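Tertiary structure, described
The residues making up each chain are set out below.
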Amino acid sequence: MPSLSSPSASSSPSPTSALPAAPLPLSGDAVVTALRAAGCVFAEDEARLILTAAGTPDELAAMVDRRVTGLPLELVLGWAEFRGLRIAVEPGVFVPRRRTEFLVEQALAHARDASLVVDLCCGSGAVGAALAAALGPVELHAADIDPAAVCCARRNVGPFGGRVHTGDLFEALPGTLRGRVGILAANVPYVPTGEVGLLPAEARDHEPHVALDGGPDGLDVLRRVAAEAPRWLAPGGCLLIETSERQAPTALAAFTRSGLASRLIISDELYANVVVGLNQADQWADR
């Protein structure tokens, strides 16, 4: 690949110059061209974001280089947009997807009066931050098994007074939360182990496998969360988990076995499938 920096205007340095001429700054058109050549479908939109974020010509060239070599745009920028929030993301942390905004929407639709929110398998903490932003003052807890995710999530939920815990699912949470959780959002890994290698390179090569690999059928973590959730939910509280269309029937069955009144809600626009389980069977009549 040719250099992203423009060549010097003169091939022969001036005899009075002790240093080589500085590279000319990249133009907007050059950034678009480089991104398009690398296969970026939305090259113009990405170029605009990168040009806005770069503070100097050298920083711009470095950001474009990182993007064209395959680093996800969000990691190049250092943030991802999620429900109108700018969520900080760092290398080695799962990048929040737009389809997961549908999970947040369903949480708000089913438990708008929740006063205690838990974001399990929180990654960057985007779901917890978005719920807190929409609900107003709430008690917010987030948890993840990955220390890198915990560190990143603290940056995002801290402004909302959220606390982030390190550990394996419910083991990470304070015992005082049992029976009090109004919204339990768990964006668990749900890619079957044998399909992780088939993911786009941006996910496969740059995101932690612990945030992607859900076991042989992709539902190992979902089953564990569903089985234990009723002990943590308040009366009328809800559990929400994103899954795939293919996995939805099995996911629903796991919710039902745990005693939750469950349903699948689909967004065709976002290609999102969210299983919602309420802690009281008669609650659906009021929704």
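On a predicted model such as this, the values are computed, not experimentally measured, just so you know.

**So, the overall build of the protein chain**
Helix and strand counts for the protein chain come out as 10 helices and nine strands. The 287 residues of the protein chain split such that 50% are buried. In the protein chain, once contacts between residues fewer than 6 apart in sequence are set aside, the share between residues at least 24 apart is 60%. Carbon and sulfur atoms make up 54% of the accessible area of the protein chain, which totals about 13700 Å².

**A few points about the side chain of Asn-187**
Examined against the element boundaries, Asn-187 turns out to sit in the loop between β6 (181-186) and α8 (201-206). Asn-187 has contacts with Phe-94, Thr-100, Leu-120, Cys-121 and Glu-242, leaving out every residue within four places of it along the chain.

**A word on the pairing of strand β8 (residues 261-267)**
Bridging between β8 and strand β9 (residues 272-278) involves seven bridges; their strand directions are antiparallel. Directly across from Arg-263, in β9, lies its bridge partner Val-276. Counting the residues between successive antiparallel strands, the hairpin from β8 to β9 contains four residues, one of them, Tyr-271, with a positive phi of roughly 55°.

**Notes on the nonpolar core**
Across soluble globular proteins, you tend to see nonpolar side chains buried next to one another. Core analysis: the biggest nonpolar cluster contains 35 residues, and Leu-131, Ile-183 and Leu-240 have the highest contact counts within it. Only α5 (101-110), α6 (126-135), β4 (139-144), α7 (147-157), β6, β7 (233-243) and β9 provide two or more residues apiece to this core. Among the elements that make up this core, the one with the highest residue count is α6 (seven residues). Among residues more than four places away in sequence, those in contact with Leu-240 are Leu-103, Gln-106, Ala-107, Ile-183, Leu-184, Ala-185, Ala-186, Val-274, Val-275 and Val-276.

**Concerning the environment of Gly-128**
Within the element layout of this structure, Gly-128 appears in helix α6. C-alpha separation for the pair Gly-128 and Ala-142, spaced 14 residues apart in sequence, amounts to 6.9 Å. Gly-128 has contacts with Asp-119 and Leu-140, leaving out every residue within four places of it along the chain.

**Side note on α6**
Burial runs high along α6: eight of the 10 residues are buried. All buried positions along α6 are accounted for by Ala-126, Val-127, Gly-128, Ala-129, Ala-130, Leu-131, Ala-132 and Leu-135. Phi turns positive, to about 90°, at Gly-136, one or two residues after α6.

**Notes on the pairing of strand β2 (residues 85-88)**
Across four bridges, strand β1 (residues 79-82) lies against β2 in antiparallel orientation. Within β2, the position partnered with Glu-81 by the bridge is Arg-86.

**Examining the sheet that holds β9**
Reading across from one edge, β5-β4-β3-β6-β7-β9-β8 is the order of the seven strands in this open sheet, with mixed pairing throughout. Looking at strand neighbours, the two that pair on one side only are β5 (163-166) and β8, the edges of this open sheet. For this sheet the average axis-to-axis angle between neighbouring strands, irrespective of direction, equals 20°. Sheet analysis places β6 next to β7, joined by five bridges and oriented parallel. Its bridge partner lying in β7, Ala-185 is registered against Leu-240. Together, β7, β8 and β9 form the strand contacts of helix α10 (residues 248-257), whose direction differs from that of β8 by roughly 150°.

**As for the confidence of the model for the protein chain**
Overall, the predicted model of the protein chain reaches an average pLDDT of 88, with 89% of residues at or above 70. When the criterion is pLDDT under 50, residues 1-24 qualifies, and its contacts beyond four places in sequence or with other chains add up to 14 contacts.

**Some remarks on the environment of Leu-222**
For Leu-222, the position within the fold is in helix α9 (residues 220-228). Residue class for Leu-222 comes out buried when judged on its relative accessible area of 1%. Excluding anything up to four places from it in sequence, Leu-222 contacts Val-188, Ile-241, Ala-251, Ala-254 and Phe-255.

**Section: the packing of aromatic side chains**
The tally for this structure, following the rule as stated, stands at one aromatic pair. Taking 5.4 Å as the distance between ring centres and 25° as the angle between the ring planes, the aromatic pair formed by Phe-170 and Trp-232 counts as stacked. Remark: Trp-232 occurs in the loop between α9 and β7 and Phe-170 occurs in the loop between β5 and β6; sequence separation between them is 62 residues. A single burial state applies to Phe-170 and to Trp-232, both of which are buried. Sitting over the face of the ring of Trp-79, Arg-86 holds its NZ or CZ atom 3.8 Å from the ring centroid.

Reading guide: rules and limits
- Residues numbered from 1 in each chain as written.
- Predicted model: local features only at pLDDT ≥ 70, side-chain atom pairs only at ≥ 80, totals over all residues.
- Heavy atoms only, no water.
- Helix = DSSP H or I, 4+ residues; strand = E, 2+ residues; numbered from the N terminus.
- Buried < 20%, exposed > 50% of the residue type's maximum accessible area, 1.4 Å probe, protein only.
- Contact = heavy atoms within 4.5 Å.
- Areas by Shrake-Rupley, 256 points an atom, 1.4 Å probe, with all protein chains shown as cover.
- Pairing = 2+ DSSP bridges.
- Core = buried A, V, L, I, M, F, W, Y, C linked by side-chain atoms within 4.5 Å.
- Axes fitted to C-alpha atoms, helices over the stretch in contact; angles between N-to-C directions.
- pLDDT = per-residue confidence, 0-100.
- Phe/Tyr/Trp six-rings, centres within 6.5 Å; stacked < 30°, edge-to-face > 60°.
- Lys NZ or Arg CZ within 6 Å of the ring centre and 35° of its normal.

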